[in-house]
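# Residue-level structural notes
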Amino acid sequence: MKKYDLASGANDEGSGRRRQILEIAAQLFAKKGYRGTSMRDIGEQAGVLGGSLYHHIKSKDALFVELHNAALDAAENSIAHAVRAQDEPWARLAAACAALLEIQLAPDSLTMPMMNDFREVPDAVREQLIARRDRFEEIFRSLVTSLPLPPHIDRSIYRNLLLSQLNSASDWYRDGRLSPSEIAAQIVAIFRRE
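Residues numbered from 1 in each chain as written. Predicted model: local features only at pLDDT ≥ 70, side-chain atom pairs only at ≥ 80, totals over all residues. Heavy atoms only, no water.

### Looking at the overall build of the chain
Here is the rule we go by: Numbering goes from the N terminus for both helices and strands, where a helix is a DSSP run of H or I of at least four residues and a strand is a run of E of at least two. Residue exposure (1.4 Å probe, protein chains only): buried if accessible area is under 20% of the type maximum, exposed if over 50%, otherwise partly exposed. By definition, residues are in contact when any of their heavy atoms lie within 4.5 Å. Every accessible area reported is derived by Shrake-Rupley at a probe size of 1.4 Å, with residue values counting cover from the shown protein chains alone.
Helix and strand counts for the chain stand at 11 helices and 0 strands. Reading the secondary structure of the chain in the N-to-C direction produces α-α-α-α-α-α-α-α-α-α-α. In the chain, buried positions account for 44% of the 194 residues. Considering only intrachain contacts with a sequence separation of at least 6, the fraction spanning at least 24 residues in the chain is 68%. Per element, the accessible surface of the chain, about 10,400 Å² overall, is 49% carbon and sulfur.

And the structure:
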């Protein structure tokens, strides 16, 4: 999943212009980060002058939170869909890992850049992003809970290590040798403990 349905908003729902502005903003945030992207940059790229941009967008902070949440919503839906197709706990975990890696390793993915920019944002924005990320991680909390792990394995540490490994894959992944699905299978094989 590369593109997300970004057309939301109380006053402009379904607006093609707003959708265009959101897509441009998401690309700029993904490329330049929160701090490196200004409302002026977004307006210039979208061909919208100063105050007109605020007709579509409340603030940079609100925009970043909206885009971050839209990316996680789309990722969550994709993972949930992949997991529903499996019955066995290890197969469900592998499907979730593969779906997450497909999203993260897509060349034009917006999810990873949006999720990795927490240090750049103001504290109030960071709190919102962390709260949404924690809700997203509930998928993996549930999957790990259902695994037949030995009793001495701390499931919280297990889940955090697994997510750390998955979330860092874009740092070392190079297209060609293994697919995201094959990498997910390797990660699950390494983490499989019964």
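### A closer look at the nonpolar core
For clarity, the threshold we go by: Joining through side-chain atoms within 4.5 Å is the link that ties buried Ala, Val, Leu, Ile, Met, Phe, Trp, Tyr and Cys residues into a set, and such a set is a nonpolar core.
Counting 32 residues, the largest nonpolar core has Ile79, Leu93, Phe140 and Leu166 as the members making the most contacts within it. Mapped onto this core, the elements with two or more residues apiece are helix H4 (60–84), helix H5 (89–105), helix H8 (138–145), helix H9 (155–167) and helix H11 (180–191). Top element by residues in this core is H5. It accounts for 10 residues. Other than its neighbours up to four places away in sequence, Leu93 contacts Phe140, Leu143, Leu147, Tyr158, Leu162 and Val188.

### Things to note about the packing of aromatic side chains
Where two aromatic rings form a pair, the distance of their centres and the angle of their planes describe that pair. The criterion, for reference: Between rings of Phe, Tyr and Trp, where Trp is taken as its six-membered ring, a pair exists when centres lie within 6.5 Å; planes separated by under 30 degrees are stacked, by over 60 edge-to-face, and by other angles tilted.
One pass over the structure, following the stated rule, counts 4 aromatic pairs. When the ring of Phe29 is compared with that of Tyr34, the centres are 6.2 Å apart and the planes differ by 5°; the resulting orientation is stacked. In this pair, the class of Phe29 matches that of Tyr34, namely buried. Ring centres of Tyr34 and Phe64 lie 5.3 Å apart, and the angle between their planes is 80°; on these two criteria the pair is classed as edge-to-face. With Tyr34 in helix H1 (residues 16–36) and Phe64 in helix H4, the pair connects residues that are 30 residues apart, well separated along the chain.

### Focus: the pattern of salt bridges
We count it as follows: Salt bridges are defined as contacts in which a side-chain nitrogen from Lys or Arg sits within 4 Å of a carboxyl oxygen from Asp or Glu.
This model, assessed by the stated rule, comprises 9 salt bridges. With a shortest N-O distance of 3.4 Å, Arg133 and Asp134 are connected by a salt bridge. Residue Arg133 is classed as partly exposed on the basis of its relative accessible area of 25%. Assessed through its relative accessible area of 34%, Asp134 is described here as partly exposed.

### A short note on the environment of Asp154
Here is the rule we go by: Side-chain atoms alone can form a polar contact between residues adjacent in sequence; in general such a contact is a pair of N or O atoms within 3.5 Å, and within protein one must be able to donate a hydrogen while the other accepts it.
Mapped onto the fold, Asp154 is located in the loop between H8 and H9. Looking at Asp154, the relative accessible area reads 42%, which means it is partly exposed. A polar contact of 2.9 Å, which involves the side chain of Asp154, links it to the backbone nitrogen of Ile157.

### Description of the packing of H1 against H4
The line we're drawing: Orientation is described by axes fitted as lines to C-alpha atoms, over the contacting stretch for helices, and by angles from 0 to 180 degrees between their N-to-C directions. Just so you know how the angles are binned, under 35 degrees is roughly parallel, over 145 roughly antiparallel, 65 to 115 roughly perpendicular, and the rest oblique. Three classes are used: nonpolar for Ala, Val, Leu, Ile, Met, Phe, Trp, Tyr, Cys and Pro, charged for Asp, Glu, Lys and Arg, and polar for all others, with Gly counted as polar.
Running from N to C, H1 and H4 point in directions that differ by 95°, and their axes come no closer than 10 Å. On the basis of the axis angle, H1 is roughly perpendicular to H4. Taken together, the residues of H4 that come into contact with H1 (itself represented by Arg18, Leu22, Ala25, Ala26, Phe29, Tyr34 and Arg35) are Lys60, Asp61, Leu63, Phe64, Glu66 and Leu67. Of the residues in the contact of H1 with H4, the class split is 8 nonpolar, no polar and 5 charged.

### Concerning helix H2 (residues 39–46)
Since there are 3.6 residues in each turn of an α-helix, residues three or four apart along the chain are aligned in direction. Within H2, the full set of buried residues consists of Met39, Asp41, Ile42, Gly43 and Ala46. Remark: Gly47 follows H2 within two positions and exhibits a positive phi of approximately 70°.

### Looking at the confidence of the model for the chain
Our working rule: The score called pLDDT rates the predictor's confidence residue by residue, from a low of 0 to a high of 100.
Across the chain, the average pLDDT comes to 86, with 88% of residues at 70 or higher. Confidence, expressed as mean pLDDT per element, reaches its minimum in the chain at helix H6 (residues 111–115) with 62 and its maximum at H8 with 97. With pLDDT under 50 throughout, residues 1–14 is counted as low confidence; its partners more than four residues away or in other chains account for 36 contacts.

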